[in-house]
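# Residue-level structure breakdown
Chain by chain, the residues:
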Amino acid sequence: MRMLAAVMYEQGLVAPYAHSRPLRIEEVDLEGPGPGEVLVEVRAAGLCHSDLSQVAGLRKRTVPVVMGHEGAGIVREIGPGVTGLRPGDCVVMTVGAGCGECRHCVGRRPVLCDAVGASRSKGVLLNGYRRLACQGQPLYHHSGISSFAQYAVTVPGTLVKVDPAVPLDVAAMFGCAVVTGAGCVFNAARVRAGRSVAVIGLGGVGLCAVMAARIAGASQIIGIDINPDKFDLARELGCTHTVNARDPHLAEAVRQVTGGGVDFAFEISGSQAALATALAVTAKGGEVIGVGLGASSDLFAYAHTALVSEEKVIRGSLMGSCVPQRDLPKYLGYFMEGRLPVDRLMSGTMGFEDLNEGLDKLHEGAVLRQILLPHA
Ligand SMILES: [Zn+2]
Ligand SMILES: [Zn+2]
């Protein structure tokens with residue numbers, strides 16, 4: 001079929017993106033669904049900070065690529081051999097699926113799946129196929145999803161059924177922002193009631209971590225960001241304290257209110273300054289959970305003697321260490337109960353023509369989650 005999609009032809013174009021236009025809106029061809037594949041009509045797709053870092057070229061992608069790695073839509077067609085999904089099902093498209101067979105998938109850590117890593121760097125679906133083209137030239141898939149398009153062909157593992165009562169523009173955010181932010185709290189840190197938490201970087205993912213920490217029963221939730229405009233919402237969503245990341249007495253202030261530092265510090269931004277802050281606000285015996293991704297070549301420094309003598313842990317958590325079919329229904333349930341009000345993170349919707357301006361707004365830090373409506 002022929003459809004509209006946002007294609008990135010090269011990485012490294014510079015802001016303002018409204019001018020350099022890294023995302024080109026094209027009429028592209030989509031094949032399939034082949035055996036074991038599903039055709040989804042994309043109704044909503046979230047613009048994520050990692051889209052920005054890929055536009056900037058911080059992590060290499062096979063180009064040209066149809067962008068978009070979180071979304072929600074409606075199943076329109078299933079290929080031979082697909083079970084468990086039917087045309088008409090509402091689905092969240094998510095990044096955490098694995099092959100189901102390698103040691104990591106068998107060990108319930110599909111985000112570490114070897115096959116996913118390989119297919120992602122080649123820009124193909126998890127089954128090794130490519131279904132996108134433009135004027136006869138190959139286009140590649142982003143994270144096996146490519147949701148900045150009117151339709152997507154993907155494999156069933158990337159799709160989680162969602163109650164039609166959940167608006168699809170809200171459901172879209174569960175595929176990356178929510179699994180990542182909530183999952184790092186529930187799966188990586190396993191925060192329990194009464195523990196204290198700091199979240200460094202209060203964007204969409206960080207605020208999901210804040211909401212999840214509140215659900216987990218954290219006694220203190222300290223929100224840290226360079227932009228104090230985010231503090232009101234952060235407090236409404238669960239922060240008991242907010243601190244400006246540029247405050248020279250930040251670590252001291254956090255140690256004061258927590259009696260020596262937090263049990264868990266979530267570093268969402270992927271920056272060296274934020275990691276330093278995370279280590280500084282963590283109590284002896286506490287854990288720093290690195291969630292944000294920087295450039296592939298970044299090297300981070302820390303005081304090793306302090307790490308050893310204070311028995312601190314630095315741990316990475318990719319996409320909330322999620323198991324999509326286990327975690328997403330649970331998080332969607334929290335949303336329906338009003339405990340995970342991720343609709344508060346929506347900064348508005350847009351059509352294809354506004355995508356590049358949307359990247360600028362994200363770059364300026366002015367928005368949380370902007371949602372593309374591919375059929376608007
Ligand atoms: Zn993302
Ligand atoms: Zn696997």
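That block above? That's the structure.
Predicted model, so just to flag it, every value in this text is computed and none were measured.

Formed by 92 residues in total, the largest nonpolar core has its most connected members in Phe174, Phe266 and Val342. Ranked by residues supplied to this core, first place goes to helix H7 (residues 204-216) with ten residues. Grouped together as the second largest cluster of nonpolar side chains are 16 residues, Val262, Ala278, Leu279 and Leu307 included.

Right, let's get into the coordination of the zinc ion (ligand 1). Six octahedral donors around a metal ideally make angles of 90 or 180 degrees; four tetrahedral donors ideally make 109.5 degrees. At the metal site, the zinc ion (ligand 1) is ligated by Cys48 (SG), His69 (NE2) and Cys176 (SG), and these contacts range over 2.0 to 2.2 Å. For the zinc ion (ligand 1), the single-chain donor residues occur in sequence as C-x20-H-x106-C. Separated by 128 residues along the polypeptide, Cys48 in the loop between strand E3 (38-47) and helix H2 (49-55) and Cys176 in the loop between helix H5 (168-171) and helix H6 (177-189) bring together distant segments of the chain. Assigned by exposure class, Cys48 and Cys176 land together as buried.

Between helix H9 (residues 250-258) and helix H10 (residues 272-281), whose axes approach to 9 Å, the crossing angle comes to 35°. Handedness of the H9/H10 crossing: right-handed. Contacts between H9 and H10 involve Leu250, Ala251, Val254 and Arg255 from the former and Thr277, Ala280 and Val281 from the latter. Broken down by class, the residue content of the contact of H9 with H10 amounts to five nonpolar, one polar and one charged.

On to helix H12 (residues 324-336). Along its 13 residues, H12 runs 18 Å from first to last C-alpha, staying within 8% of the 18 Å computed at 1.5 Å per residue. Along H12, the residues that are buried comprise Pro324, Asp327, Leu328, Tyr331, Leu332, Tyr334 and Phe335. Along H12, the residues classed as buried sweep out an arc of 155° about the axis, all on the same side. Summarising the contacts, the buried residues of H12 are in contact with strand E6 (90-93), strand E10 (159-161), H5, H6 and H7.

What counts and how
- Residues numbered from 1 in each chain as written.
- Chains lettered and ligands numbered in written order.
- Predicted model: local features only at pLDDT ≥ 70, side-chain atom pairs only at ≥ 80, totals over all residues.
- Heavy atoms only, no water.
- Core = buried A, V, L, I, M, F, W, Y, C linked by side-chain atoms within 4.5 Å.
- Buried < 20%, exposed > 50% of the residue type's maximum accessible area, 1.4 Å probe, protein only.
- Helix = DSSP H or I, 4+ residues; strand = E, 2+ residues; numbered from the N terminus.
- Donors = N, O, S within 2.8 Å, 3.2 Å for Na, K, Ca; no water.
- Axes fitted to C-alpha atoms, helices over the stretch in contact; angles between N-to-C directions.
- Left-handed = near helix turned anticlockwise from the far one by under 90°.
- Contact = heavy atoms within 4.5 Å.
- Nonpolar A, V, L, I, M, F, W, Y, C, P; charged D, E, K, R; others polar.
- Expected span 1.5 Å × (residues − 1).
- Arc of directions from axis to C-beta.

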